Amino acid sequence: MKPKKYLLFVLMVTASHQIIAQRYGPVNPNASAGVKKVLKLLYDVKGKQILSGQQNYNSDMNTFSDSAARITGKYPAVWGSDFINWGDKDLGPQIVAEATKKWKDGYLVTLMWHEGKPTDNPPYEFSKNVIAKMNDADWNELVTPGSKLNTKWLNQIDVIAGYLKQLQTAGVPVLWRPYHEMNGVWFWWGNRKGENGIAKLWKMMYDRFTNYHHLNNLLWVWGANGLRDTPQDEAYDYKDYYPGANYVDILGADVYHFDYEQKDYNELLKLANGKPIALTETGELPKPEILAAQPQWVWFMVWTSWLWTDNTHDRVKQIYSLPQTLNHDEVKVKLQ
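Here is what the cut-offs are and how they apply
- Residues numbered from 1 in each chain as written.
- Predicted model: local features only at pLDDT ≥ 70, side-chain atom pairs only at ≥ 80, totals over all residues.
- Heavy atoms only, no water.
- Helix = DSSP H or I, 4+ residues; strand = E, 2+ residues; numbered from the N terminus.
- Buried < 20%, exposed > 50% of the residue type's maximum accessible area, 1.4 Å probe, protein only.
- Areas by Shrake-Rupley, 256 points an atom, 1.4 Å probe, with all protein chains shown as cover.
- Lys, Arg positive; Asp, Glu negative; His and termini not counted.
- Charge placed at Lys NZ, Arg CZ, Asp CG, Glu CD.
- Core = buried A, V, L, I, M, F, W, Y, C linked by side-chain atoms within 4.5 Å.
- Contact = heavy atoms within 4.5 Å.
- Phe/Tyr/Trp six-rings, centres within 6.5 Å; stacked < 30°, edge-to-face > 60°.
- Lys NZ or Arg CZ within 6 Å of the ring centre and 35° of its normal.
- Pairing = 2+ DSSP bridges.
- Polar contact = N/O pair within 3.5 Å; in protein donor to acceptor, adjacent residues only side chain to side chain.
- Axes fitted to C-alpha atoms, helices over the stretch in contact; angles between N-to-C directions.
- Parallel < 35°, antiparallel > 145°, perpendicular 65-115°, else oblique.
- Left-handed = near helix turned anticlockwise from the far one by under 90°.
- Nonpolar A, V, L, I, M, F, W, Y, C, P; charged D, E, K, R; others polar.
- Salt bridge = Lys/Arg side-chain N within 4 Å of Asp/Glu carboxyl O.

> How should I be thinking about the overall build of the protein chain in this particular structure?
Within the protein chain one finds 13 helices and 10 strands. With the C-alpha coordinates of the protein chain rotated into their principal frame, the extents come out at 70 × 50 × 40 Å. Taken over 336 residues, the protein chain has a buried fraction of 54%. Split by element, the accessible area of the protein chain, about 15000 Å² in all, is 53% carbon and sulfur. Side-chain charges of the protein chain comprise 37 positive and 36 negative groups, with the mean position of each set lying 10 Å from the other.

> When you look at the nonpolar core in this model, what are you seeing that I'm missing?
The nonpolar side chains of soluble globular proteins are, as a tendency, buried together. Within the largest apolar cluster, 101 residues are counted, with the highest numbers of intra-cluster contacts made by Leu-108, Leu-164, Trp-176, Trp-222 and Trp-299. Here this core takes nine residues from helix α7 (residues 148-169), the largest share from any one element. Not counting chain neighbours up to four residues away, the residues in contact with Leu-164 comprise Phe-83, Leu-111, Val-174, Trp-176, Phe-209, Leu-215, Asn-217 and Leu-218.

> Sorry, what's going on with the packing of aromatic side chains here?
Remark: the centre distance and the inter-plane angle together describe each pair of aromatic rings, the angle taken between the planes. Evaluated as defined, the whole model comprises 20 aromatic pairs. Consider the rings of Trp-222 and Tyr-238, whose centres lie 6.4 Å apart with planes at 75°: the pair is edge-to-face. Here Tyr-238 lies in the loop between β6 (218-225) and β7 (250-255) and Trp-222 lies in strand β6, a separation of 16 residues in the sequence. As far as burial versus exposure is concerned, Trp-222 and Tyr-238 are alike and both buried. Where Phe-300 meets Tyr-320, the ring centres are 6.1 Å apart and the plane angle is 70°; that geometry is what we call edge-to-face. Residue Phe-300 is found in strand β9 (residues 297-302), and its partner Tyr-320 is found in helix α12 (residues 313-320); the two are separated by 20 residues along the sequence. The same class applies to Phe-300 as to Tyr-320, namely buried. One aromatic cluster is present, built from ring pairs that chain together Phe-83, Tyr-163, Trp-176, Trp-202, Tyr-206, Phe-209, Trp-220 and Tyr-247. Here the guanidinium or amino end of Lys-193 rests over the ring plane of Tyr-236, the centre of that ring lying 5.2 Å away.

> Would you take a moment to explain the pairing of strand β4 (residues 108-112) for this structure?
Regular strands have side chains that alternate between both faces of the sheet. In terms of burial, β4 is largely enclosed, as five of its five residues are buried. In terms of strand pairing, strand β3 (residues 78-82) meets β4 through five bridges, oriented parallel. Bridge assignment links Asp-82 to a residue of β4, and that residue is Met-112.

> Could you clarify how one ought to interpret the side chain of Asn-183 in this entry?
With respect to the element layout, Asn-183 can be found in the loop between β5 (174-177) and α8 (198-212). Only 2.7 Å separates the side chain of Asn-183 from the backbone nitrogen of Asn-225, close enough to count as a polar contact. A distance of 2.9 Å separates a polar atom in the side chain of Asn-183 from the backbone oxygen of Tyr-236.

> Please explain the side chain of Asp-264 as it appears in this structure.
Residue placement: Asp-264 occurs in helix α9 (residues 262-272). In this structure Asp-264 comes out as buried when scored by relative accessible area, which is 5%. Here Lys-263 takes part through its side chain, which lies 3.1 Å from a polar atom of the side chain of Asp-264.

> What am I meant to see in the packing of helix α4 (residues 92-104) against α7 here?
Two numbers describe a pair of packed helices, the interaxial angle and the distance between the axes. Where α4 meets α7, the closest approach of the two axes is 10 Å, and the angle between their N-to-C directions is 25°. Comparing the axis directions of α4 and α7 gives the class roughly parallel. Seen from above, α4 lies across α7 with right-handed handedness. Residue-level inspection shows Gly-92, Pro-93, Val-96, Ala-99 and Thr-100 of α4 in contact with α7, the latter providing Tyr-163, Gln-166 and Leu-167. Class assignment for the residues of the contact of α4 with α7 results in five nonpolar, three polar and no charged.

> Quick question: what am I supposed to make of the packing of α7 against α8 here?
Between α7 and α8, whose axes approach to 10 Å, the crossing angle comes to 50°. Taken together, the axes of α7 and α8 are oblique relative to one another. The crossing of α7 and α8 is right-handed. For the pair formed by α7 and α8, the contact residues are Asn-150, Trp-153, Leu-154, Ile-157, Asp-158, Ala-161 and Leu-164 on the first element and Leu-201, Met-204, Met-205, Arg-208 and Phe-209 on the second. For the contact of α7 with α8, a count of residues per class yields nine nonpolar, one polar and two charged.

> Please explain the pattern of salt bridges as it appears in this structure.
For side chains of opposite charge, pairing can occur when their charged atoms come near one another. Taken as a whole, this structure holds 11 salt bridges when the rule is applied. Of the charged contacts in the structure, one is a salt bridge between Lys-263 and Asp-264, with a shortest N-O distance of 3.1 Å. The exposure class assigned to Lys-263 is exposed, which follows from its relative accessible area of 56%.

See the structure below:
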C-alpha cells in the first residue's frame, strides 16, 4: 500500500473508531463499565429488537412483573419502580435492595421519581404536591443557585442521590428518568419552556449528581409525554423542553390511549439525532403494525396495572412473543 493511501486508510479507521466511541459513549465521561454495557446493548438492539418492560409500585415491587410472567410465561427484560413516597414510610432502602437483586439476576433497572413540590414539606400528597402548579416567582427562585428554595431542593435531591450512590456501590447501573412528562401541563415541573425552564433544572440535577455526588452509574433518560392537544391536558413539542444532547443518553415518550402518532415518533427521532429512543411508559401496548412502522423503540414500559386493565391477555402475549421482542431470559444472556 502506498504511503498516501496508507495514511488515508489510517485516518479513515481512526475516524470510524471515533464515531463508534461517540455512538456508544454515555454523556457522563466517567460512566461505569455497567453503564457502558447497558448503553451498548441498547444501541445494538436499536432498529432491530425491542426490550419488554414493566413498571411496579415501590410498595409492592414485583406484582406487575409477576403478572406479566403469569400471562405470557416470560418475565419482562426491564424492571421499573419509583422513589415516590406513597405514605409516611421511606421506601428507599427497599428500592435499593430490590433493584440490586434485579440487576444481579439479569434485568435492566429503570427508576423514576414523582418529586414533591419543593415549596411544600413532606409528606407529599400526590394530588396536591406532585400534580400541582408552581408560580413563576417560586420557579425562578428554585433555579437560582444559592436561594432558599434552591437549597431546599438540593436537600430533596440529595436524599435520592444517597440511594443511587448505594446502588453504585452495589454495581447497579440505573436508567434514571427524572422529571418525566415535562412537556405536559399536570406536574409542578411541567410546561416550563426556555433556558430558565425545566431544561435548566435538569442540568442542575445532572451537575449535582454527576459532579458533586460522582454518580457514575446513571444513564440519563429524558422521558417526555406523547404530544396531544386535549384542553387542560396538553403535551407540547418535545424540542421546547429538551436540555440538549450533552445531558441525555436516551430519549423517550410516554404514550397512552393508543396514541402512537407517526409524526410524534418522527419528531422524537429527529430530536434524538441517533441516540436511542424508548417507550418510557405505555398504557395500551403498541400493536405489531405500530412496531413495524416505528422500529427504533428500544424498550417499552407498561405502567403498573394497565398491563391487565387496558390490555387483553392476548395482546400482552402477542407482543411478548414477537420475534423482535427480547424478554428477561434473552437479555440476561446478553448482559453476562
